[in-house]
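# Summary of the model geometry
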Amino acid sequence: MNFTVPGCSNHRGNPCCPCNSCLKNRPMATLKQIINERVLILDGAMGTMIQRYNLSEQDFRGERFAGIPGQMKGNNDLLCLTRPDVIKDIHRKYLEAGADIIETNTFNAQRISMADYHMQDLCREINLAAARLARELADEYTAKTPRKPRFVAGSVGPTNKTCSMSPDVNNPALRALTYDELATAYQEQMEALLEGGVDALLIETIFDSLNAKAAIYAAETAMKKTGREVPLMLSVTVSDIAGRTLSGQTLDAFLASVQHAPIFSIGLNCSFGAKQLKPFLEGLAARAPYYISAYPNACLPNSFGSYDETPEKMAVHVKSFIDEGLVNILGGCCGTTPAHIAKYPELVKGAKPHIPAPKPGCLWLSGLELLEVKPENNFVNVGERCNVAGSRKFLRLIKEENYEEALTIARKQVEDGAQVIDINMDDGMLDAVKEMTTFLNLIASEPDISRVPVMIDSSKWEVIEKGLMCVQGKSIVNSISLKEGDEVFLQNVAAIQNQGVAVVGEGGGAAGKSGGAGRPRCVIHIGKIAVNIACKADRQISVHRNTPLKKASALTRRSLYVKLLTVRQLPADSGGEELNDQRQHHQPPDEGADHRPAAAVQALHQRRADTARADDAERRGVFEVDVKAVDRSRDKACRQLRQNAVADFLERRAAHGVQTFQNVGVQIFNGCNVHFGDHADRADGLGDDTAGRAGSGNANPHQCPHQTGNGADQQDQQPEQVGNGLRHDVGRGQKGKG
């Protein structure tokens, strides 16, 4: 690039010219570029500074809002319209103190919070004005010292309501705010901030992950609508020394909840002083694969609401953040002033910025706590008793609206070892959307249940969609399919990605019906679509197939074929192409075929031959797909067939040196999907679940052996060793007690 700058003949055309004339005409470094060069300084508290001006009610109202009812004093964001001189003066003081980033005065400038002042319709105007004020001051100081560009972060607060908790202790299912309402309010705010010229969006003081997910969705939507892509910054506040948010999540669980988003930085603010905040910051910096920010309070407020920590004392504590390489961005929250921020430039001089942690090498799920799905975990148990299609007792309780007793079923499953809770409300006599929303809201009020992730189980997309809007953790969707066509499938996957959940995919056709000759081609097609979406979005998706291939008799209905499709990413050492179609040549037994062990063995040999022919393509390609079919009948030969299939699967896994289950939506092992049983078969053999425990009732002896339940109900079973864990064969178990 040529730089022709008048008055700079000695250095004309040199992009590294250090003179101020060239610097002023050179494209300014972006936040993403400069973050790796040094620790950046964020400004301090806006509210603390506003209080020092001793503004009156008239100052807040001005002439324009003299007739609006109610008190306006305290509506700090309104000052962007009525006293812009005060806001500009505060920005100027922080810039003089050495801030690289200043925040807009818009912490509460969205419809939810502004409703308290009857000013919902002014939100767009306030945000535009605030962004332009900060932009003007940032550009002014950048022009003075071009070597140190200043940036504007659009401040987006948590609102005064929460999507995850009830405002009425007597009605835990009640919500004062819906996800859609919050996302709409946030989008309006963020669009105005982007149009006003902010360099980043800062979603701060997060106390509820569901609120944060709504804000993230709104941010991505606003950026697409305005055509401006800016860094997305998140900052969480912990509510106590246990290190949890107000809605109960651990910081690790919060990371899982938001890992789907294109996050630039994540950090902690408010909460405590710098000294008390450090242990939580250390944990976050060690796990988060993002740049780290920290802006603590000036200690905790005293009995008069004032903050006693002096700039000198605070500087001593934040120095350890810098010396230990914990942060990339450092600022101040409640109680901090320009005097506190003025201590930072000397502290960060020559300091090395924090290096983000590597991305997790396994699947993260979360409720209130994190669940890491690693190969060494061996099995993930999913409790399925909160399923109206699989438990007559649960169905009866939901119909009677006896939610308190229904919750005991979920609680018992977690106590018995379920690591995920499956919720299904698909019944013709129920309003599935209403029941799913109600039950998920009730679960959120029960920490001993909501600590584990939720699997939202439905064949109706509207039920899944509404269910996702009730869950603050990273949950699992069960399931989406191609039966309505590629376009609907892609729309559903895109929506799921926006919500940040794992997904179980289903092939074409209804469960319980024959797959037909085109089944493998359909399964491979799902894999290709998922891989393509994952490539474009830089996210990895796994799709699993589990459905009966034959239902001609009671015996074959018990002989459940399990189709497993796992999509994983391999090292792209030669610019690999999309999945080769060689594996599509295998045709399964057609609908009228006799599913005897001999036929299954022949099919297995054919698959092994196809796998060998595809090895070269796999090594050249970026993605690999493993498809396994396993017969789970009573026949001993079929059990041996399953063992052979598993052994072959594990052998190939070890040969490739790749963790097959690295990014699986639900842990799959032994050719058996750990959360699926044959629902149609189980329902017609179940009693009334009078014990109310996971796996109780007249258990189907052929259900998935890894399902959470009463292990004593399966007798006369021969254990087989697989991987690092012991599983039990199925086929000769006795029915459990009612």
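How each quantity is defined
- The numbers attached to residues start from 1 for each chain and follow its sequence in the written order.
- This being a predicted model, a pLDDT of at least 70 is required before a residue's local features are given, and a value of 80 or more before pairs of side-chain atoms are given or counted; all residues contribute to the totals for chains, interfaces and linings.
- Calculation of side-chain values draws on the structure's entire complement of heavy atoms; hydrogens and water are dropped beforehand.
- Elements are defined by DSSP. Helices are runs of H or I of four residues or more, strands are runs of E of two residues or more, and each kind is numbered from the N terminus.
- Relative accessibility under 20% of the residue-type maximum defines a buried residue, over 50% an exposed one, and the middle range a partly exposed one, all with a 1.4 Å probe and only protein chains included.
- For accessible areas, the Shrake-Rupley method is used with a probe of radius 1.4 Å. Any residue's cover is judged against the shown protein chains and nothing else.
- Lines are fitted to the C-alpha atoms to define the axes, a helix being fitted only along its stretch in contact, and any angle between axes, read from their N-to-C directions, falls within 0 to 180 degrees.
- If an angle is under 35 degrees, it is roughly parallel; if it is over 145, roughly antiparallel; if it lies from 65 to 115, roughly perpendicular; otherwise it is oblique.
- Handedness of a helix crossing follows the sense of rotation of the near helix relative to the far helix, less than a right angle counterclockwise being left-handed and clockwise being right-handed.
- Contact definition: two residues touch when any of their heavy atoms are within 4.5 Å.
- Residue polarity follows a fixed list, in which Ala, Val, Leu, Ile, Met, Phe, Trp, Tyr, Cys and Pro are nonpolar, Asp, Glu, Lys and Arg are charged, and the others, Gly among them, are polar.
- Here a Phe, Tyr or Trp ring, Trp counted by its six-membered ring, pairs with any other such ring whose centre lies within 6.5 Å, and the pair is stacked when the planes are under 30 degrees apart, edge-to-face when over 60, and tilted otherwise.
- Sitting over a ring, as applied to charges here, requires NZ of Lys or CZ of Arg to be within 6 Å of the ring centre and within 35 degrees of the ring normal.
- In this description, a nonpolar core means a group of buried Ala, Val, Leu, Ile, Met, Phe, Trp, Tyr and Cys residues linked to one another through side-chain atoms lying within 4.5 Å.
- Whether two strands pair depends on DSSP finding at least two bridges between them.
- Think of a salt bridge as a Lys or Arg side-chain nitrogen and an Asp or Glu carboxyl oxygen that are within 4 Å of each other.
- Polar contacts here mean pairs of N or O atoms no more than 3.5 Å apart (in protein, one a potential hydrogen donor and the other a potential acceptor; neighbouring residues in sequence count only if both atoms are side-chain atoms).
- Disulfides are defined as pairs of cysteine sulfur atoms found within 2.5 Å of each other.
- The definition of a right-handed crossover adopted here requires that, viewed with the strands pointing away, the path from the first strand over the helix to the second runs clockwise.

A count of helices and strands for the protein chain gives 26 helices and 21 strands. When burial is assessed residue by residue, the protein chain has 58% of its 738 residues classed as buried. Roughly 29700 Å² of accessible area belongs to the protein chain as shown, and the carbon and sulfur atoms make up 50% of that amount.

We now examine the packing of helix α18 (residues 432-444) against helix α20 (residues 461-468). Interaxial distance between α18 and α20 falls to 9 Å at its minimum, and their mutual angle equals 25°. Judged by the inter-axis angle, α18 sits roughly parallel to α20. Helix-helix and strand crossings are classified by hand; for α18 and α20 the assignment is right-handed. Note on element contacts: α20 touches α18 through E462, V463, K466 and G467, opposite A432, V433, M436, T437 and L440. Here the contact of α18 with α20 is built from residues that sort into five nonpolar, two polar and two charged.

Right, let's talk about the packing of aromatic side chains for a bit. Scanning all chains against the criterion turns up three aromatic pairs. Between F264 and Y291, the ring centres sit 5.2 Å apart and the planes meet at 55°, which makes this aromatic pair tilted. A residue pair is termed long-range when its members are at least 10 positions apart, and F264 in strand β6 (residues 263-273) and Y291 in strand β7 (residues 291-297) qualify at 27 residues. The class for F264 is buried, based on a relative accessible area of 8%. Assessed through its relative accessible area of 16%, Y291 is described here as buried. Taken together, a centroid distance of 5.4 Å and an interplanar angle of 80° make the contact between F394 and F439 edge-to-face. Note that F394 is positioned in helix α16 (residues 392-399) and F439 in helix α18, a separation of 45 residues in sequence. By the burial criterion, F394 is buried, and F439 matches it. Between the NZ or CZ atom of K144 and the centre of the ring of Y141, over which it lies, the distance is 4.2 Å.

Residues M190, L201, I203, L234, I266 and V327 are the most contacted members of the largest nonpolar core, which totals 102 residues. A total of 10 residues in this core trace back to one element, the largest contributor, which is helix α8 (residues 123-144). Not counting chain neighbours up to four residues away, the residues in contact with I266 comprise L234, F254, L255, V258, L284, A288, Y290, Y291, I292 and S293. A418, I421, I423 and F489 belong to the second-largest nonpolar core, a separate cluster that totals 40 residues.

Taking burial as the measure, the five residues of strand β12 (residues 420-424) include five buried ones, the bulk of the element. Because side chains alternate across β12, one face comprises the buried residues V420, D422 and N424, and the other comprises I421 and I423, equally buried. Across two bridges, strand β11 (residues 382-383) lies against β12 in parallel orientation. Counterpart to V382 in the pairing with β12 is V420. Sheet topology note: the β12/strand β13 (residues 454-457) ladder contains four bridges and is parallel. Among the inter-strand pairings, I423 is bridged to a residue of β13, identified as I456.

Glancing now at unusual backbone geometry. Going from N478 to S479, the amide bond is cis rather than trans, its omega being 15°. Of note, S479 is situated in strand β14 (residues 476-481). In the Ramachandran plot, C270 falls in the positive-phi region, its phi being about 60° despite a non-glycine side chain. Following the sequence through the fold, C270 ends up in strand β6. Notably, S271 is not glycine yet its phi reads approximately 65°, a positive angle. Following the sequence through the fold, S271 ends up in strand β6. Using a relative accessible area of 12% as the deciding quantity, one classes S271 as buried.

Taken together, the eight strands give an open sheet; going across it, the order is β1-β8-β7-β6-β5-β4-β3-β2, and neighbouring strands pair in parallel fashion. Of all strands in the sheet, those with a lone pairing partner are β1 (40-41) and β2 (101-103), marking the two edges. The pairing of β6 with β7 spans seven bridges and is classified as parallel. Within β7, the residue paired with C270 across the bridge is P296. Here helix α11 (residues 251-258) sits on the sheet in contact with β4 (200-206), β5 (232-236) and β6, set at roughly 150° to β6. Set on the sheet, helix α12 (residues 274-287) makes contact with β6 and β7; between it and β6 the angle comes to about 155°.

Turning to the packing of helix α6 (residues 84-97) against α8, a few remarks are in order. Packing of α6 against α8 leaves a shortest axis separation of 10 Å and a crossing angle of 35°. As for how α6 packs across α8, the hand of that crossing is right-handed. Side by side, α6 and α8 meet where P84, I87, K88, H91, R92, L95 and E96 of the first sit next to L133, A134, E136, L137, A138, E140 and Y141 of the second. Across the contact of α6 with α8, the residue classes tally to eight nonpolar, one polar and five charged.

Attention now moves to the environment of E125. Relative to the helices and strands, E125 is located in helix α8. Relative accessible area serves as the criterion here: at 31%, E125 is assigned to the partly exposed category. With residues up to four places along the chain from it excluded, the contact list for E125 reads R64 and L81.

Let us look at the pattern of salt bridges. Enumeration over the complete set of coordinates arrives at 33 salt bridges. Note that K225 and E191 form a salt bridge whose closest N and O atoms lie 3.7 Å from each other. Here K225 is found in helix α10 (residues 209-226), whereas its partner E191 is found in helix α9 (residues 179-195), with 34 residues between them in sequence. Where R411 meets E446, a salt bridge forms, and the shortest distance between an N and an O atom there is 2.9 Å. Here R411, found in helix α17 (residues 403-415), pairs with E446, found in the loop between α18 and α19 (447-450); they are 35 residues apart in sequence, far enough to count as distant. Judged by relative accessible area, R411 falls into the buried class, the value being 19%. Residues participating in the shared-partner salt-bridge network are D252, R287, E372 and K374.

The next point concerns the side chain of Q110. Topologically, Q110 is positioned in the loop between β2 and α7 (111-114). Since its relative accessible area comes to 1%, Q110 is described here as buried. Among the polar contacts listed, one links the side chain of Q110 to the backbone nitrogen of I112, at a separation of 3.1 Å. Excluding residues that lie within four positions of it along the chain, Q110 makes contacts with C123, T159, A185, Y186 and Q189.

Moving on, we get to the state of the cysteines. In this structure the tally under the stated criterion is zero disulfides. The thiol of C163 is not disulfide-bonded; the next cysteine sulfur, from C470, is found 9.1 Å away. Classification of C163 as buried rests on a relative accessible area of 3%.

Below, the discussion takes up the pairing of β14. Burial within β14 is extensive, with six of its six residues counted as buried. Relative to β14, β13 runs parallel, the two being bridged by three bridges. Within the sheet, the bridge partner assigned to M455 lies in β14 and is I476. Remark: the β13/α20/β14 crossover connection has right-handed handedness.

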